[in-house]
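One letter stands for each residue in the lines below.
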Amino acid sequence: MRSTGIRRTLVALGVGALTLTACGSHDDRAADGKTRITVNCMPPKSAEVDRRFFEEEIAAFEKGNPDIDVVPHDAFPCQDPKTFDAKLAGGQMEDVFYTYFTDAGHVVDINQAADLTPYLKELESYGTIQQQLRDIYTVDGRIYGVPRTGYSMGLVYHRALFEKAGLDPDRPPTTWAEVRAAAKRIAALGDGTVGYADYSAQNQGGWHFTAELYSRGGDVVTPDGEEAAVDSPEGRAVLQTLHDMRWKDDSMGSKQLLVINDVQQMMGAGKLGMYLAAPDNIPILVKEKGAEYEDLALAPMPGGKATLIGGDGYMIDKKASPEQIRAGLKWLDHMFLTPGDGFLGDYARAGKNDAPVGLPEPRLFTGAADAEDQQAKKANANVPVENYQAFLDGNQSLEMKIEPPRAQQLYSVLDGVVSAVLTKEDADIDRLLKDASGKIDGILARG
């Protein structure tokens, strides 16, 4: 599952008729002798600011690299799971193409990604990227992709409701027991106020179940990825807590089968105390749902064990020529991998265009590169960064865990488990987990 809100849409300048070129064209030479690369993930015209930013960066890149011609292809969302494999197999994928972290192993397994290992010395910033993110695109010691953004889950909470309920907004919950206690106090405010909300439909319930399971030290599958691991003490604890908050405490409200938009609407309206999300939810709550930055804060995942991470990056088509691979890596370096600069990192430009600056993620780099990026972000911050300090501090001690294999299929199974607990007071948790385990084993066995 992907988080909702990170700016992940891309575009280029002066595409003209080239935009109509077939996606699968891997010709590496334009008519004027330049090395030509196609890239995807162009933002829609409705995303005017992002579109303009990307156009500016492509123009700057081509000026600095006059021997390279970048041809973007419009795609929003950036990747459609229904057509992704077909485009790869049919030779219709762009030379440089967008992927979620969970795609990396699959693309390599079906032999559709170029091996970038021999070319990485030309990617100046590669060594500055967080190792755990680089590892996602590394298979059997070979490197097949480059991370672009990363996110981790945390607890978004409403500071004003915390204060109203007599809770200290500077000391957010750190355990699930504390979440339950805080939710009960917030719900007691009445007037339709909900203490804690969770998703339970459209695969989003399974996604959050996974995050909650990780937070307690559990897992969805065994380390070898061969069998289900949800039927565990940690799995039962997740479901029992949700059940008790829903039916004993009445702190989750009566309306269930919620999805992300429902929960965001509740938080934006000041009627929700807490829910799980990544930092990129915060600007959506403000710009689209009516919240105020000052009222929103972020804490690390309760439980203290781990947090679910996700994100995206780029891979290069296996049919790309060596010249195209080199050009693609140069493009990625310019666009995304220069601290404090590029499409996502030019914080001064973002601030001048009313884009939020100062959110704690994405955090891509390490060492001096991270320090430079964070300094530029801090200098241009236009959101209350102190509201996210607990999240930053708490994440230092959490294990960062990527989503399970065949995530969407597994989430579909787990959706039913979460929705049953939240809609049926007499739900049999042991039976639900046992049945889910059998279904997950079947999915994993099919490969």
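The rules behind the values
- Residues numbered from 1 in each chain as written.
- Predicted model: local features only at pLDDT ≥ 70, side-chain atom pairs only at ≥ 80, totals over all residues.
- Heavy atoms only, no water.
- Axes fitted to C-alpha atoms, helices over the stretch in contact; angles between N-to-C directions.
- Helix = DSSP H or I, 4+ residues; strand = E, 2+ residues; numbered from the N terminus.
- Parallel < 35°, antiparallel > 145°, perpendicular 65-115°, else oblique.
- Left-handed = near helix turned anticlockwise from the far one by under 90°.
- Contact = heavy atoms within 4.5 Å.
- Nonpolar A, V, L, I, M, F, W, Y, C, P; charged D, E, K, R; others polar.
- Disulfide = S-S within 2.5 Å.
- Core = buried A, V, L, I, M, F, W, Y, C linked by side-chain atoms within 4.5 Å.
- Buried < 20%, exposed > 50% of the residue type's maximum accessible area, 1.4 Å probe, protein only.

## Here we look at the packing of helix α6 (residues 176–187) against helix α8 (residues 233–248)
Right, on to step 1. Running from N to C, α6 and α8 point in directions that differ by 15°, and their axes come no closer than 11 Å. Classified by the angle between their axes, α6 and α8 sit roughly parallel to one another. For the element pair α6 and α8, the recorded crossing hand is right-handed. Two secondary-structure elements touch here, α6 through V179, R180 and A183 and α8 through D244, M245 and K248.
Right, on to step 2. Residues that form the contact of α6 with α8 fall into these classes: 3 nonpolar, no polar and 3 charged.

## Here we look at the state of the cysteines
Covalent bonding between the sulfur atoms of two cysteines defines a disulfide.
Right, on to step 1. Tallying each qualifying case throughout the model produces 1 disulfide.
Right, on to step 2. What pairs with C41 in a disulfide is C78, and their sulfur atoms sit 1.9 Å apart. Residues C41 and C78 are joined through a disulfide that is right-handed, its torsion about the S-S bond being 50°. Note that C41 is positioned in strand β1 (residues 35–42) and C78 in the loop between β2 (68–74) and α2 (81–89), a separation of 37 residues in sequence.

## Observations regarding the nonpolar core
Right, on to step 1. Counting residues in hydrophobic clusters, the biggest one holds 78 residues, and the most contacted among them are Y196, F209, M274, Y275 and I440.
Right, on to step 2. With 10 residues, helix α16 (residues 407–423) is the single largest residue contributor to this core.
Right, on to step 3. When residues no more than four places from it in sequence are discounted, the contact partners of Y275 are G154, L155, V156, Y196, A197, Y199, V263, Q264, M267, N281 and L285.
Right, on to step 4. Of all hydrophobic cores here, the second largest spans 53 residues; its members include C41, F84, A113 and W331.

## Structural notes on the packing of α16 against helix α17 (residues 429–445)
Right, on to step 1. Axis separation between α16 and α17 bottoms out at 9 Å; the angle between their running directions is 170°. Taken together, the axis directions place α16 and α17 in an arrangement best described as roughly antiparallel. Packed against α16, whose contacting residues are Q409, L410, V413, L414, V417, A420 and V421, the element α17 presents I429, L432, A436, K439, I440 and I443 at the interface.
Right, on to step 2. Broken down by class, the residue content of the contact of α16 with α17 amounts to 11 nonpolar, 1 polar and 1 charged.

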